[in-house]
Amino acid sequence: GQSLEQPSEVTAVEGAIVQINCTYQTSGFYGLSWYQQHDGGAPTFLSYNALDGLEETGRFSSFLSRSDSYGYLLLQELQMKDSASYFCAVATRVTFSGGYNKLIFGAGTRLAVHP
Amino acid sequence: NAGVMQNPRHLVRRRGQEARLRCSPMKGHSHVYWYRQLPEEGLKFMVYLQKENIIDESGMPKERFSAEFPKEGPSILRIQQVVRGDSAAYFCASSTGDRALGYTFGSGTRLTVV
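Okay, so let's go over this structure.

Cut-offs and rules
- Residues numbered from 1 in each chain as written.
- Chains lettered and ligands numbered in written order.
- Predicted model: local features only at pLDDT ≥ 70, side-chain atom pairs only at ≥ 80, totals over all residues.
- Heavy atoms only, no water.
- 1 Å grid on protein atoms, 1.4 Å probe; cavity = no way out; pocket = protein on both sides within 12 Å on 5 of 7 lines; lining within 4 Å.
- Points joined across faces, edges and corners; volume = space filled by probe spheres on them.
- Helix = DSSP H or I, 4+ residues; strand = E, 2+ residues; numbered from the N terminus.
- Nonpolar A, V, L, I, M, F, W, Y, C, P; charged D, E, K, R; others polar.
- Pairing = 2+ DSSP bridges.
- Axes fitted to C-alpha atoms, helices over the stretch in contact; angles between N-to-C directions.
- Buried < 20%, exposed > 50% of the residue type's maximum accessible area, 1.4 Å probe, protein only.
- Contact = heavy atoms within 4.5 Å.
- Buried area = accessible area lost by both parts, 1.4 Å probe.
- Salt bridge = Lys/Arg side-chain N within 4 Å of Asp/Glu carboxyl O.
- Polar contact = N/O pair within 3.5 Å; in protein donor to acceptor, adjacent residues only side chain to side chain.
- Core = buried A, V, L, I, M, F, W, Y, C linked by side-chain atoms within 4.5 Å.
- Phe/Tyr/Trp six-rings, centres within 6.5 Å; stacked < 30°, edge-to-face > 60°.

### A few points about the layout of surface pockets
Estimated volume of the largest pocket: approximately 440 Å³. Lining the largest pocket are 22 residues; nearest its centre among them are Q37, L38, P39, E40 and E41 of chain B. Contributions of two or more residues to the lining of the largest pocket are made by β9 (84-94) and β11 (109-114) of chain A together with β9 (88-95) of chain B. The leading source of residues in the lining of the largest pocket is β9 of chain B, at 3 residues. Partitioned by chemical class, the residues of the lining of the largest pocket number 7 nonpolar, 9 polar and 6 charged.

### Considering the sheet that holds strand β6 (residues 53-57) of chain A
Sheets are built from strands paired through backbone hydrogen bonds, the pairs being either parallel or antiparallel. Residues and elements named next belong to chain A. Read from one edge to the other, the open sheet built from 5 strands follows the order β1-β3-β8-β7-β6, with strand pairing classed as antiparallel. In the strand order of this sheet, the two ends are held by β1 (3-5) and β6, each with one partner. Between one strand axis and the next, the sheet turns through 15 degrees on average, direction left out of account. Examined bridge by bridge, β1 and strand β3 (residues 18-25) share 3 bridges and lie antiparallel to one another. Bridging from a neighbouring strand, E5 pairs with T23 of β3.

### Brief notes about the pairing of strand β5 (residues 43-50) of chain B
Residue and element names in this part refer to chain B. In terms of burial, β5 is largely enclosed, as 6 of its 8 residues are buried. Pairing geometry for strand β4 (residues 31-37) and β5, over 7 bridges, is antiparallel. Looking at the pairing, V32 lines up with L49 of β5. Hairpin remark: β4 followed by β5, antiparallel, with 5 residues in the connecting loop; positive phi at E40, about 65 degrees. Relative to strand β6 (residues 53-56), β5 is paired through 3 bridges, and the arrangement is antiparallel. Bridge pairing in β6 places L49 opposite I54. Counting the residues in the hairpin turn of β5 and β6 gives 2 residues, including E52, whose phi is positive at 65 degrees.

### Focus: the interface of chain A and chain B
The extent of an interface is frequently quoted as the accessible surface area lost upon association of the parts. On the chain B side, the residues contacting the 23 residues of chain A number 24 residues. Here chain A packs against chain B, burying approximately 1900 Å² in sum over the two surfaces, 52% of which is carbon and sulfur. Taken together, the links from chain A to chain B amount to 1 salt bridge. One salt bridge connects D56 of chain B with K102 of chain A, and the closest N-O pair in it is separated by 3.3 Å. Scanning the region where chain A abuts chain B turns up 9 residue pairs in polar contact (both at pLDDT 80 or more).

### A closer look at the side chain of S33 of chain A
If you trace the backbone, S33 of chain A turns up in strand β4 (residues 29-37). Once residues within four sequence positions are removed from consideration, S33 of chain A is found in contact with F45, S47, Y48, F87, C88, A89 and L103 of chain A together with L101 of chain B.

### Here's the deal with the pairing of strand β7 (residues 60-65) of chain A
All names here are of chain A. Counting buried residues along β7, 5 of its 6 residues qualify, which places the element largely inside the surrounding structure. Sheet topology note: the β6/β7 ladder contains 5 bridges and is antiparallel. When the bridges of β7 are listed, E56 appears paired with S61. Linking β6 to β7, which pair antiparallel, is a turn of 2 residues; within it G58 sits at a positive phi near 65 degrees.

### Observations regarding the nonpolar core
Grouped together as the largest cluster of nonpolar side chains are 23 residues, with contacts concentrated most on W34, M46, L77 and Y90 of chain B. Those elements giving two or more residues to this core turn out to be β3 (19-24), β4, β5, β7 (65-68), β8 (75-79), β9 and β11 (109-113) of chain B. If we ignore the near neighbours within four places in the chain, the residues touching Y90 of chain B are Q6, L21, Y35, R36, M46, F65, L77, I79, G108, T109 and L111 of chain B. Core analysis: the second largest hydrophobic core is formed by 22 residues, V10, I20, L64 and L75 of chain A among them.

### Re the packing of aromatic side chains
One pass over the structure, following the stated rule, counts 17 aromatic pairs over all chains. A ring pair is formed by F105 of chain A and F105 of chain B, whose centres lie 6.0 Å apart and whose planes are at 70 degrees; its orientation type is edge-to-face. Residue F105 of chain A is found in strand β10 (residues 100-105), and its partner F105 of chain B is found in strand β10 (residues 104-105); the two belong to separate chains. Across the pair, exposure class does not vary: F105 of chain A and F105 of chain B are buried alike. Consider the rings of Y103 of chain B and F105 of chain B, whose centres lie 6.3 Å apart with planes at 50 degrees: the pair is tilted.

Written out as structure tokens, the structure reads:
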């Protein structure tokens, strides 16, 4: 089967750095992506890692280790507006019907940023 | 670029009624995915469609749920004879191809069954 694990809640203060970990078990692994969702809002794509290593996009970075089935999202210089839920999602390659990448989501990590 | 458009944003149905949720993908996107999200939970895959074809419906309940993506017009997720347990947020996403590295999601339809 497929499963993803991430912490349910993380709390931090403005200006701090926070790391949200994600471990996964899946077949047909294609990559790991991260999404942000504010309460009542749509999931918004943040980053994607297909290869091992660190990808940096402004204040957000994402890391992947395929051998450890592990990744993390790093948020720096936290701001109040970063309070949201963060989801890791595994892209798995489904091979029937010509094949496609299917996203399987974790349960999400609720980040609360305090002044 | 209008993004992925879903309507209605909120839908209230009485038990036993039908719910129709519409999704127009981003311009140039021909691949549509539907996900369901219960409160405080992650997104659960329901179905993947290309124009006029259902590619993967492994996440769809066998009864009462159906989806389509006609040649013209939006993709429709249809729930017949709704029950309280169908209350959830339903999100549609689209991509340009089958090797998408990330999806673009719509704002969702919040279905409440009373």
